[in-house]
Amino acid sequence: MNNFKLRSINMLDIKQMIAEILEEKISSLSSEDIYNMLEYPPDDKMGDVALPCFKLSRILRKSPVQIAEELVNEIPANPRIEKVEAVSGYLNFFLDKVSFIEDVLSTVLKEQDRYGASNIGKGKNIVIDYSAPNIAKPFHIGHLRSTAIGNSLYKIFKFLGYNPVGVNHLGDWGTQFGKLIVAYKEWGSKEAIENGGIKELMAIYVKFHEEAEKDPSLEDQAREWFVKMEKGDPEALELWQWFKDISLKEFNKVYDLLDITFDSYAGESFYEDKMPAVIEELKEKNLLTESEGALIVDLEEYNMPPCLIVKKDGSTLYATRDIAAAIYRKNTYDFEKCIYVTGAAQSLHFNQWFKVIELMGYDWHDQLIHVPFGIVSLGGEKLATRTGKVVLLEDILDQAINKTLEIINQKNPNLENKEEVARQMGVGAVIFSDLSNNRIKDVSFSWEEMLNFDGETGPYVQYTHARACSLLRRAEKEVDPNFDAKLLSTYEEFKVVKTLYLFPDKIMAAMKELEPSIITRYLVDLAQDFNRFYHEHPILVEDDTLRNARLALVSAVRDTLKNGLQLIGLSAPERV
RNA sequence: GCGUCUGUAGCUCAGUGGAUAGAGCGUUGGACUCCGACUCCAAAGGCCGCAGGUUCAAAUCCUGUCAGACGCACCA
């Protein structure tokens, strides 16, 4: 037939089915054109799939109303279509509910934890660079965004058959270590740092910035220390390693709580010995210019400020390391895409060095993708380590977990595994909240919202999943896959099935747009549809066949919720 | 000054150029002798920042404008 089946990974592509029917009747258009014109009506009462005929109007030189009315009579009877209606220029298809429900539920029951999965990415490597906290700075709510988004993209690519490589590009190199060394020597003490950890490191870092306002020579000292680091000075490197060890210990505590891992922790320092070759290559390719004592790549032609490669004191910069890292990753992983999850504030930086890669003649420059996200503010003020204005992620997670534990103690005090479930839900609430909005939007952190678990929240979806699990436990019998779809005849049941049907498409959209929030919002929709059904209709009824049919629906919802939660990095506890 | 992003219900936000712009929170009023009330139902609440333009059709595309955020050489 046609070779464009891959536009959807959905095994039951209803648009495809309808496009093929219409192709026979609209000779001037391919089934692909028709497919792209089809849409889902805004209201179920209007139908399940619609063809707006306005565009056809010009081609067929008839009014849209006329086209719809003519087509409606030409559609042959089809067991999967209940009826077709022409309404003011729209051709509306109503699916045969019984066969649709049967198709969708059978698919989910068969696929289970693979429902929505695919192998379209087979053999393709995707490097995802996320989290990347700075050594010696605390892990705060702002860092969570990169971590949560990157982790979710990792799971999404994996579910679609790709081979993702999660890289934690630790901020473990750069001038801030010079500042830290100066600060440590001026105001720090070994004991205080060993006891206080990152908090103490941050304190002396903040003090450095306060003092540097009065005494700018401190900045010069800091730069000197960084130059020493790059030259391999033993004292500088020993302090650096010490700061790094302390920081990593605390970061790993947070990653354990979040249940997030990485395939590589190659940070900025890893590229230290790879930069000279890059600088050499840039010189050979005649891209470097000297300007005010520094070496730059001029990008005026591309309407961008120059990209700094080497400072006047001979040390390197962020861009230098990113270029070296990109080349290293291409050689090491042969990626199809290399994705950088960082704040939108860095957009120019990425555009600049992506252009440098292009100018170097690498045809894979367009495989480098910046995935920006908005900033987190606190009561209207930007979070900044330098001023000490931060909300520590660990504090947020602790509070969310404690609150969950309180609720469990109140409502379900005999729950086994209380502590672990409280962790899963508390952490879930925080991650879910972070992945709820389009990533580009700025977010204003609010304790009140973060700790409110009602409505569109992680605990709501997790609770719904646990409720479905509870029903299946109480049933005390496996769901018979030969359920009778005819018995699922109510609107609420059909609505749940329609939403289940959309899951694979949502995963595809989330991957294409690199936007985990598509899945987060989908889960809320599915949970809402399911809860409405749950309230309207008893499930554990006497009638065995009806009971089995409804449990088949419950089972499909449970699996889909679980798969979706997994894709955004949340656990799906069976009892809460 | 230049550039990028964002303006949708009181608040936080959805909304692939198509039909009557949707959720949640909050407010008000309802539903637990009933499968788990972290649930559900209902009501109120909108010149989709503003002005032009393109189109049969614009919250969505284009231009301008206003407001906010971010960025613009030795920080990352």
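Conventions adopted
Residues numbered from 1 in each chain as written. Chains lettered and ligands numbered in written order. Predicted model: local features only at pLDDT ≥ 70, side-chain atom pairs only at ≥ 80, totals over all residues. Heavy atoms only, no water. Domains from an automatic or database assignment. Contact = heavy atoms within 4.5 Å. Buried area = accessible area lost by both parts, 1.4 Å probe. Salt bridge = Lys/Arg side-chain N within 4 Å of Asp/Glu carboxyl O. Polar contact = N/O pair within 3.5 Å; in protein donor to acceptor, adjacent residues only side chain to side chain. Nonpolar A, V, L, I, M, F, W, Y, C, P; charged D, E, K, R; others polar. Phe/Tyr/Trp six-rings, centres within 6.5 Å; stacked < 30°, edge-to-face > 60°. Helix = DSSP H or I, 4+ residues; strand = E, 2+ residues; numbered from the N terminus. Buried < 20%, exposed > 50% of the residue type's maximum accessible area, 1.4 Å probe, protein only. Lys NZ or Arg CZ within 6 Å of the ring centre and 35° of its normal. 1 Å grid on protein atoms, 1.4 Å probe; cavity = no way out; pocket = protein on both sides within 12 Å on 5 of 7 lines; lining within 4 Å. Points joined across faces, edges and corners; volume = space filled by probe spheres on them. Pairing = 2+ DSSP bridges. Axes fitted to C-alpha atoms, helices over the stretch in contact; angles between N-to-C directions. Near = heavy atom within 4 Å.

Some remarks on the domain arrangement of chain A
- For chain A, the assigned domains are domain 1 (5-95), domain 2 (125-273 + 318-381) and domain 3 (393-567).
- When each unit is reduced to the centre of its C-alpha atoms, the spacing between domain 1 and domain 3 is 33 Å.
- Taken together, the contacts link 12 residues of domain 1 with 10 residues of domain 3.
- It is Ile-9, Asn-10 and Asp-44 that lose the most area in domain 1 upon contact with domain 3, and together they represent 55% of the buried surface on that side.
- The tally of links between domain 1 and domain 3 comes to two salt bridges.
- Taking the shortest distance from any N to any O, the salt bridge between Asp-48 and Lys-498 comes out at 2.8 Å.
- Put simply, domain 1 and domain 3 have eight residue pairs in polar contact (both at pLDDT 80 or more) between them.
- Of the residues in the side of domain 1 that touches domain 3, the class split is four nonpolar, three polar and five charged.

Here we look at the packing of aromatic side chains
- Enumeration according to the criterion identifies 30 aromatic pairs in this entry.
- Centroid distance Phe-54 to Tyr-90: 5.3 Å. Interplanar angle 80°. Geometry classified as edge-to-face. Residue Phe-54 is found in helix 3 (residues 54-60), and its partner Tyr-90 is found in strand 3 (residues 90-95); the two are separated by 36 residues along the sequence.
- For Tyr-90, a relative accessible area of 31% gives the class partly exposed.
- By the ring-pair criterion, three or more aromatic residues cluster together here, those being Tyr-130, Phe-139, Phe-251, Tyr-255, Phe-262 and Tyr-265.
- One Lys or Arg, Lys-190, reaches over the ring of Trp-242 and ends 5.6 Å from the middle of that ring.
- Sitting over the ring of Tyr-534, Arg-467 keeps its end group 3.9 Å from the ring centre.

Re empty space enclosed by the protein
- Across all of its chains, the model carries one cavity of 30 Å³ or more by this definition.
- In terms of lining, the largest cavity is formed by Ile-14, Met-17, Arg-80, Leu-95, Asp-96, Ser-99, Phe-100 and Asp-103.
- Looking at the lining of the largest cavity, the elements that each hand over two or more residues are helix 1 (14-25) and helix 5 (97-111).
- The leading source of residues in the lining of the largest cavity is helix 5, at three residues.
- Partitioned by chemical class, the residues of the lining of the largest cavity number four nonpolar, one polar and three charged.

Structural notes on the sheet that holds strand 1 (residues 49-52)
- Reading across the sheet, the three strands line up as 1-3-2 and stay open at both edges, with antiparallel pairing between neighbours. On the outer flanks of this sheet lie strand 1 and strand 2 (81-87), each paired with one strand and no other. Averaged over neighbouring strand pairs, the angle between their axes works out to 15° when direction is ignored.
- By the bridge criterion, four bridges tie strand 1 to strand 3 in an arrangement that is antiparallel. By the bridge assignment, Pro-52 is partnered in strand 3 with Tyr-90.

Thoughts on the side chain of Lys-311
- Within the secondary structure, Lys-311 is located in the loop between strand 8 (307-310) and helix 13 (318-333).
- A polar atom in the side chain of Lys-311 sits 3.0 Å from the side chain of Thr-175.
- With near-sequence residues (within four places) excluded, Lys-311 lies in contact with Thr-175, Phe-226, Gly-293, Ala-294, Thr-316 and Leu-317.

Details of the protein's contact with RNA strand B
- What surrounds RNA strand B is a group of 68 residues, the closest being Tyr-90, Lys-311, Lys-411, Tyr-463 and Tyr-534.
- Among the atoms of RNA strand B lying within 4 Å of the protein, the sugar-phosphate backbone contributes 64%.
- In this structure, Thr-175 approaches RNA strand B through a side-chain N or O atom, which is 3.4 Å from a phosphate oxygen.
- Contacts to RNA strand B include Gly-455, whose backbone N or O atom sits 3.3 Å from a phosphate oxygen.
- Of all the elements in the fold, those that place two or more residues in the surface near RNA strand B are helix 3, strand 3, helix 7 (175-187), strand 7 (294-297), helix 13, helix 15 (393-411), helix 18 (458-475) and helix 20 (517-536).
- With seven residues, helix 18 is the largest single contributor of residues to the surface near RNA strand B.
- For the surface near RNA strand B, the per-class residue count stands at 30 nonpolar, 17 polar and 21 charged.

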